[in-house]
Amino acid sequence: MSTNIKSRGYAAKDTSGVLSPWEFERRPVGDNDILIDIKFASICHSDIHQMKGDWGTQQYPQVPGHEIVGIVAAVGKNVTKFKIGDRAGVGCMVDSCMTCESCTHGEEHHCDNGATVFTYGAPDKTSPTGITQGGYANNIVVRDHFAVHIPEHISLEKAAPLLCAGITTYSPLMNAKVKQGDKIGVAGVGGLGHIAIKLAVSKGAEVYAFTSSAKKTEEILALGVKEVIVVDDIAKLKPYKGKLDYMISTIPIQYDVAAYTSVVKRNGHFTQVGMPIGFNITLNNLGLSISRVNYNASLIGGIPETQEVVDYCADNNIFPDTQLIKAEEINEAWEKIIKNESGHKRFVIDGTSF
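Looking at an unreviewed UniProt entry, the chain carries the name NAD(P)-dependent alcohol dehydrogenase, with the source organism given as Arcicella lustrica. Recorded under Sequence similarities (unreviewed entry), the UniProt text for the chain is reproduced unchanged: "Belongs to the zinc-containing alcohol dehydrogenase family." In UniProt, the chain has this text filed under Cofactor (unreviewed entry): "Zn(2+)".

Q: Could you clarify how one ought to interpret the pattern of salt bridges in this entry?
A: Scanning all chains against the criterion turns up 13 salt bridges. Glu 25 is paired through a salt bridge with Lys 6; the nearest N and O atoms lie 3.3 Å apart. Of this pair, Glu 25 sits in strand S2 (residues 19–26) while Lys 6 sits in strand S1 (residues 5–12); the two residues are 19 residues apart in sequence, bridging distant segments of the chain. For Glu 25, a relative accessible area of 30% translates into the label partly exposed. Where Arg 143 meets Asp 95, a salt bridge forms, and the shortest distance between an N and an O atom there is 2.7 Å. Note that Arg 143 is positioned in strand S8 (residues 139–143) and Asp 95 in strand S6 (residues 93–95), a separation of 48 residues in sequence. For Asp 95, a relative accessible area of 25% gives the class partly exposed.

Q: Where do I start with the sheet that holds strand S10 (residues 183–187) in this structure?
A: Where strands meet in a sheet, backbone hydrogen bonds hold them as pairs that are either parallel or antiparallel. Spatial strand order, S12-S11-S10-S13-S14-S15: six strands in an open sheet with parallel pairing. The open sheet is flanked by strand S12 (227–230) and strand S15 (294–297), the only strands paired with a single partner. In this sheet, adjacent strand axes meet at a mean angle of 20° when their direction is disregarded. Strand direction decides the pairing type here: strand S13 (residues 244–249) and strand S14 (residues 264–272), joined by five bridges, are parallel. Bridge pairing in S14 places Tyr 246 opposite His 269.

Q: What is the right way to look at the state of the cysteines in this model?
A: The tally for this structure, following the rule as stated, stands at zero disulfides. Residue Cys 92 stays outside any disulfide, its sulfur separated by 3.6 Å from that of Cys 164, the closest cysteine. Looking at Cys 164, the relative accessible area reads 5%, which means it is buried.

Q: What is the right way to read the nonpolar core from this model?
A: One recurring pattern in soluble globular proteins: nonpolar side chains tend to sit buried together. If you look at the biggest cluster of nonpolar residues, it comprises 65 residues, and the most contacted ones within it are Ile 34, Val 69, Val 142, Ile 150, Ile 197 and Leu 199. In this structure, Leu 199 is in contact with Gly 166, Thr 169, Tyr 170, Leu 173, Tyr 312, Cys 313 and Ile 318, ignoring residues within four places of it in sequence. Counting 22 residues, the second-largest nonpolar core is a separate cluster that includes Leu 19, Trp 22, Tyr 136 and Trp 334.

Q: Just to check I follow, could you spell out the pairing of S1 for this structure?
A: For a regular strand, side chains alternate in direction, first toward one face of the sheet and then toward the other. Burial runs high along S1: six of the eight residues are buried. As defined by bridge partners, S1 adjoins S2 across eight bridges and the pair is classed as antiparallel. If you follow Arg 8 over to S2, its bridge partner there is Glu 23. The turn linking S1 back onto S2 is made up of six residues, and Gly 17 within it adopts a positive phi angle of 80°.

Q: Would you mind going over helix H9 (residues 330–338) with me for this structure?
A: Residues spaced three or four apart along an α-helix point in a common direction, a consequence of the helix completing one turn every 3.6 residues. Taken together, the buried positions of H9 are occupied by Ile 330, Ala 333, Trp 334 and Ile 337. Buried positions in H9, seen along its axis, are confined to an arc of 100° and lie on one side of it. The inward-facing, buried residues of H9 abut S1, S2, helix H1 (45–51), strand S16 (322–325) and strand S17 (346–350). Of the residues trailing H9, Asn 340 is marked for its positive phi of about 60°.

Q: Where do I start with helix H8 (residues 303–315) in this structure?
A: Spanning 13 residues, H8 covers 18 Å between terminal C-alpha atoms, matching the ideal 18 Å at 1.5 Å per step. All buried positions along H8 are accounted for by Ile 303, Glu 305, Thr 306, Gln 307, Val 309, Val 310, Tyr 312, Cys 313 and Ala 314. Downstream of H8 by a residue or two, Asn 317 has a phi angle that is positive, lying close to 55°.

Q: Explanation requested: the packing of helix H3 (residues 165–175) against helix H4 (residues 191–202) in the structure shown.
A: Pairs of packed helices are described in terms of their axes, by the angle between the two and the distance that separates them. Interaxial distance between H3 and H4 falls to 9 Å at its minimum, and their mutual angle equals 45°. As far as their axial angle goes, H4 and H3 are oblique. The handedness of the crossing between H3 and H4 comes out as right-handed. Residues Ala 165, Gly 166, Thr 168, Thr 169, Tyr 170 and Leu 173 of H3 lie in contact with H4, whose contacting residues are Gly 191, Leu 192, Ile 195, Ala 196, Leu 199 and Ala 200.

Reading the values: the criteria
- Residues numbered from 1 in each chain as written.
- Predicted model: local features only at pLDDT ≥ 70, side-chain atom pairs only at ≥ 80, totals over all residues.
- Heavy atoms only, no water.
- UniProt positions renumbered as here; feature names shortened; annotations may be inferred.
- Salt bridge = Lys/Arg side-chain N within 4 Å of Asp/Glu carboxyl O.
- Helix = DSSP H or I, 4+ residues; strand = E, 2+ residues; numbered from the N terminus.
- Buried < 20%, exposed > 50% of the residue type's maximum accessible area, 1.4 Å probe, protein only.
- Pairing = 2+ DSSP bridges.
- Axes fitted to C-alpha atoms, helices over the stretch in contact; angles between N-to-C directions.
- Disulfide = S-S within 2.5 Å.
- Core = buried A, V, L, I, M, F, W, Y, C linked by side-chain atoms within 4.5 Å.
- Contact = heavy atoms within 4.5 Å.
- Arc of directions from axis to C-beta.
- Expected span 1.5 Å × (residues − 1).
- Parallel < 35°, antiparallel > 145°, perpendicular 65-115°, else oblique.
- Left-handed = near helix turned anticlockwise from the far one by under 90°.

Here you go:
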C-alpha cells in the first residue's frame, strides 16, 4: 500500500484535555508494517496527563491511547509475524533503534540509543502529522515487531488493558520474583492497581490493598485480597510497619512515600509505577533511611514480556475488570478518572464508535 491511510479518531486540540472527533492520515503500510483495524482501546491515566500537558509541552491535535487491540487488515511484504485476520495488540511504544544491547534483548523501552518511539505524541518523520497518533481511533499502522498476538481464549475487550496496565504491573512483580506465601502490598487500586492485585493473587501471594477510598472496600475484597487498608489518615499505616515483603505503588500523585515504604520489611523492595504531574515524586530521605527499604521505579516492559503477560493472563483467566463505553463518552470517563469516581474498572472504548 503506497498511499496514506485515512483514519478517524478523537484528539485533544489543546491543554484543556477535551477530546473531539478528528479525521487525519497515517503513513502507508511499509514493508515491515501492519495495519490494524482497532476494535477496542482502553483509557489510561497517562492519556489524560499527556493531553493536558502535565508531562511537558505537546503538539496538537494529538490522539491518545496506548492500550490497543484489533484485527490485522494488511501486512507489508517483509512481515512474517502476522497475517491478515490475526488478533493483534499495541502498547506504549511503536519503534526503537532495534540494534542496541537493550533492544536486541527484549528491552526496547530502555533503548540504549534513546530511540524508543512512544505510541502517541512522539516526533515521527513517517507520520503525516509529524507525531505518532494513538489508539483512540479506528485504525493504526505499526511496525510488526511492536505488536503482540492476542490469544483466542481472551476477549479483545479484556486484553486491551494488558497492553499498558498489565505489563506495567506484571514486569516489576516478576522482577521481584513474587511467589506463594509472599506478603505483597498494592497501593492505589484503580486500573493498574486492580490488575496488580489479580496478578499477585494468581502467584499465591497474600495481598494487602491500600486505598484512600473507603467506598471501594467491597469491590477490592472481591479481587481476592487478604485485607483492605483505607488510608484516610497516614497513621493508618502504623500497624503494618515492617509487615510486607514487597509493595508496588500505582498512586499517580504526590504522597508520603516514606510512610508507605515503612510497611515493607527492612531490606525489602518498593516499586513506584504511578506517574504524577511533572514525573517528580518527593522523597523523605530520613524516612527512607529509617525503614531501609530499597526504593525503585519501573516503566513498562519490552515486547517479549508484553507478549508474556498477555499469554499468562489468557492462560490463567486473569481478566481486567472493564466498563465499555462509546467514543462520545470519553470526556465524561476522563472526568470520572480525574475525580477518582471511576472505581477500579478500566474504561474500554468500542472501536466501532469512532
